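Structure at a glance
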Amino acid sequence: MEAKHRTELMGSADLTPIGEFEAGSVASFTLVYTCGKFGLDDLGMILIAFRSANDQTVLQTHDPKGLGFVTAEASNNAQLDVRYDPRGYVRPWYKALIVRTKQFLREGDQITIRLGDRRQGSEGLRLQTFCEQRFEFRVLADPIATGRFTPLGASPAISLVSGPPVRWKAVLPSQCRPGDAFRLCLKAEDKWGNPTDRADGRLGLRPTMPVVGLPDFVDFRSGGFTQVIEGLSVSQPGDLSIDLIDPTGEVVVARSNPLRISENGGLNRYWSDLHGQSEETIGTNSARDYFSFARDRAFLDICAHQGNDFQITDAFWSELNALTAEFNRPGHFVTLPGYEWSGNTGVGGDHNVWYRNEGRPIYRSSRALVDDLIPENPDCHTAVDLFDALRREDAIVTAHCGGRYADVKYAHDSQTEPSVEIHSCWGTFEWIVRDALEANYRIGIVAASDGHKGRPGSSYPGASKFGAFGGYTCHLMRELTRDALFESFRRRHHYATTGARIWLDVSAAFSEPATIFHTNPGSGPSSYETATTAMMGDIVSVGDDAFDLTVEILATAPIERVEIRDGLDVLDVVRPYRVDQLGRRVRVVWEGAETRGRGRNAVWDGTATFAGNRVQKIESINFWNVERPPHQIGDSHIAWSSFTTGSFSGFDAWLEHGTDGILKVETPSLRFELPIAEIGYEDSVFEAGGLEKRIRVFRLPDENVCRSLTLKRTISVRDDGDTRPFICLTQEDGHRAWSSPLYVFRKTQKMTLRSGASLRPSTLVGRSR
């Protein structure tokens, strides 16, 4: 709790060294606190607070040789107690180092604190892994020993900057027509995923088909974060990707996402990350920096800010509205005003709220950290209250699983909440889709980052509690405008990925004209059209007993499998290889969570031994923390440190002998043995309790080159209720994608309104196409 003393009486703090430091590097700091007018009474305290998003080494006082070792000493030799508390102060400055004195200090006396003290063998302190213009050591004092802290007049800070390049990224749009101009966006990233301005050198460009205006090479120069090549075009239909080639001309250092060039008109594909925060709430860097990063370094088409409502002051809400209005440029970059309604799970849980236009009210779940009070903007303490209020607004809501997971069975409004969020940096949450489908909601599926590290659209989890790379949503839209985005959202014309720009299309074909509703007919009157085809997200009334489902995929990595689902049921699992193509490559993956809430992290630290065989090489899957890769010990032993949050991690092992020996796996949750000869095409599954915690083992071809796939299936229409086909794609690199379901029902069915009344199709207004 902060006191309201005069800050100039609290003393001062000086930090050495200061300046720029590489994010994720190891350093050592000395902070000297000089007592102010009151001195520091016995049992008085000083507190050094760090932002919640900070993922630096945990500070500790017990291991002088370990990272993050901290010491403190007083100039008058007073005895000091030093402790670190990860939730020792007030959000967003949760992480706190607390120093308490057992004897009083006078004005001018000093306390010297060494963070990453190297004098007894510690390497120092591994710094936060993401860039921050002003990384603050926020110092507060409790000189009167009341338990209430007052910030100093000024606190020291350093700047965290990106490191040298270790990977390259190439980004194309996902769809255009022959002859249309497009651009190629390039950047380099450091080992923690920060875009870096330290790239220097020449890379070749190799397209899969002729591209007008594409140079043979591109030069990177230190000081620039990105390269954008404008005015490119392709004259013929096809699927384009562009490789970046190292100076030898032999090694591909990056491959772009696929670009479909098609004569067909209709809807384009635009990519969004609509969910993240900045330093004004619980994130990093300013809200202006947030939108700039999304546009200029993540190359997003669409972005929005989602600060926790109980931290958004009226002044900051006005600032956010001004920023979204400033950054919104139809046809180039679309922004939406919005916020995260952050109610406790017991009253509905987290929900994202976006408005079509600025100047609309913020309906807060609470004012836990906000003192503002404007009578005309009442609070909405439950999700039911929120939906009631938003029916008067032009707004869209999605259910989100963050610290407070959304309970869609507690509250849902089909007109306002068209979709649920299946993936973010917090993990993967297929259960929220199942909850909605079990309740017979007609929902779409989206993903975003909920990033707190100032990197929307490129949200690596770093070294903290976040368990996954931030997600994307691909919106199928007629144009890049807010109006088209709202139309796409409300018709569920979108799909979710775990952060890869995968090209995905799911469509249905009918033998006789079907009725396609523009809004959910179960919620009230809906306009409609008649057609013989429908796309993902559509709600369709048919006279057919069956229809043809077509799935087309252009992946960003080799395809591991595709699940074709009907609501809660898996109809088929398709792998792009045959049993006789399996090789000596064995994949071991662990997945799931402990619970739905904050304690979801499932720890999988463990080992695998291929007894009676030899491991020739291993490759990791979804090991985002570069400090903790799996490592091979000897010929047959693999060890790792890992946790999952509904997502999955694992490794591939190429064996010397394809079928010899026994696989022995040991983790905190599960131990098992499996003859290697029994590892095959289908998963061997070992359940571990919790929330879908399990380990799966299966075999893959030694090399899988399949990056595109077209599937056709005949789907029977259920006699009662909706037939709800959608797909889940898994790539070999660990990325996934989910299409929004279609909702197909028989014309003979009645449609149940939210109020419980019924509405027959004959009462609807519509047109044919």
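Residues numbered from 1 in each chain as written. Predicted model: local features only at pLDDT ≥ 70, side-chain atom pairs only at ≥ 80, totals over all residues. Heavy atoms only, no water.

A few words now on the side chain of Arg114. As for its placement among the helices and strands, Arg114 is situated in strand 9 (residues 110-115). Within polar-contact distance, the side chain of Arg114 engages the side chain of Glu73 at 3.4 Å. Discounting residues that sit within four places of it in the chain, Arg114 has contacts with Phe29, Thr30, Phe69, Val70, Thr71, Glu73 and Arg119. (Helix = DSSP H or I, 4+ residues; strand = E, 2+ residues; numbered from the N terminus. Polar contact = N/O pair within 3.5 Å; in protein donor to acceptor, adjacent residues only side chain to side chain. Contact = heavy atoms within 4.5 Å.)

Of all the positions in helix 5 (residues 482-490), only Arg482, Ala484, Leu485, Phe486, Ser488 and Phe489 are classed as buried. Count one or two residues on from helix 5 and you reach Arg492, which has phi positive near 60°. (Buried < 20%, exposed > 50% of the residue type's maximum accessible area, 1.4 Å probe, protein only.)

One pass over the structure, following the stated rule, counts three cavities of 30 Å³ or more. Approximately 110 Å³ is the volume found for the largest cavity. Split into classes, the residues belonging to the lining of the largest cavity amount to four nonpolar, nine polar and one charged. Volume-wise, the second largest cavity comes out at about 50 Å³. Lining the second largest cavity are Leu274, Asn352, Trp354, Thr398, Glu421, Val446, Ala447, Ala448, Thr473, His475 and Phe489. Counting only elements with at least two residues in the lining of the second largest cavity, the list comes to strand 29 (350-355), strand 33 (444-447) and strand 34 (472-477). Grouping the constituent residues of the lining of the second largest cavity by class yields six nonpolar, four polar and one charged. (1 Å grid on protein atoms, 1.4 Å probe; cavity = no way out; pocket = protein on both sides within 12 Å on 5 of 7 lines; lining within 4 Å. Points joined across faces, edges and corners; volume = space filled by probe spheres on them. Nonpolar A, V, L, I, M, F, W, Y, C, P; charged D, E, K, R; others polar.)

An order of 27-26-25-34-35-56-55-40-41 is seen for the nine strands of this open sheet, with the pairing classed as mixed. Looking at which strands have only one partner, the edges of the open sheet turn out to be strand 27 (334-336) and strand 41 (569-574). Shown here is a sheet whose adjacent strand axes are inclined to one another by a mean of 20°, direction ignored. Taken together, the two bridges between strand 25 (residues 268-273) and strand 26 (residues 302-304) define a ladder with parallel strand orientation. Note that in strand 26 the partner of Asp273 across the bridge is Cys303. Strands in contact with helix 5 are strand 26, strand 27, strand 34 and strand 35 (494-497); relative to strand 34, the strand with the most contacts, it is inclined by about 105°. (Pairing = 2+ DSSP bridges. Axes fitted to C-alpha atoms, helices over the stretch in contact; angles between N-to-C directions.)

Now for the pairing of strand 41. Relative to strand 41, strand 40 (residues 559-566) is paired through five bridges, and the arrangement is antiparallel. Looking across to strand 41, one finds that Ile564 is bridged to Asp572.

Time to look at the confidence of the model for the protein. Averaged over all residues, the pLDDT of the protein equals 94, while 96% of them reach at least 70. Across residues 752-769 the pLDDT falls below 50, and counting only partners more than four positions away or on other chains, this stretch makes 43 contacts in the model. (pLDDT = per-residue confidence, 0-100.)

Now for the pattern of salt bridges. Taken as a whole and judged by the stated rule, the model has 65 salt bridges. Here Arg167 ties to Glu189 by a salt bridge, and the two come within 3.4 Å at their closest N and O atoms. In this pair, Arg167 sits in strand 15 (residues 167-171) while Glu189 sits in strand 17 (residues 182-189), placing the two residues 22 residues apart along the sequence. Taking relative accessible area as the criterion, Arg167 reaches 24% and is therefore assigned partly exposed. Residue Glu189 is classed as buried on the basis of its relative accessible area of 1%. Here Arg356 ties to Asp483 by a salt bridge, and the two come within 2.7 Å at their closest N and O atoms. Here Arg356 is found in the loop between strand 29 and helix 3 (383-390), whereas its partner Asp483 is found in helix 5, with 127 residues between them in sequence. On the basis of relative accessibility, which here comes to 15%, the residue Arg356 falls in the buried class. (Salt bridge = Lys/Arg side-chain N within 4 Å of Asp/Glu carboxyl O.)

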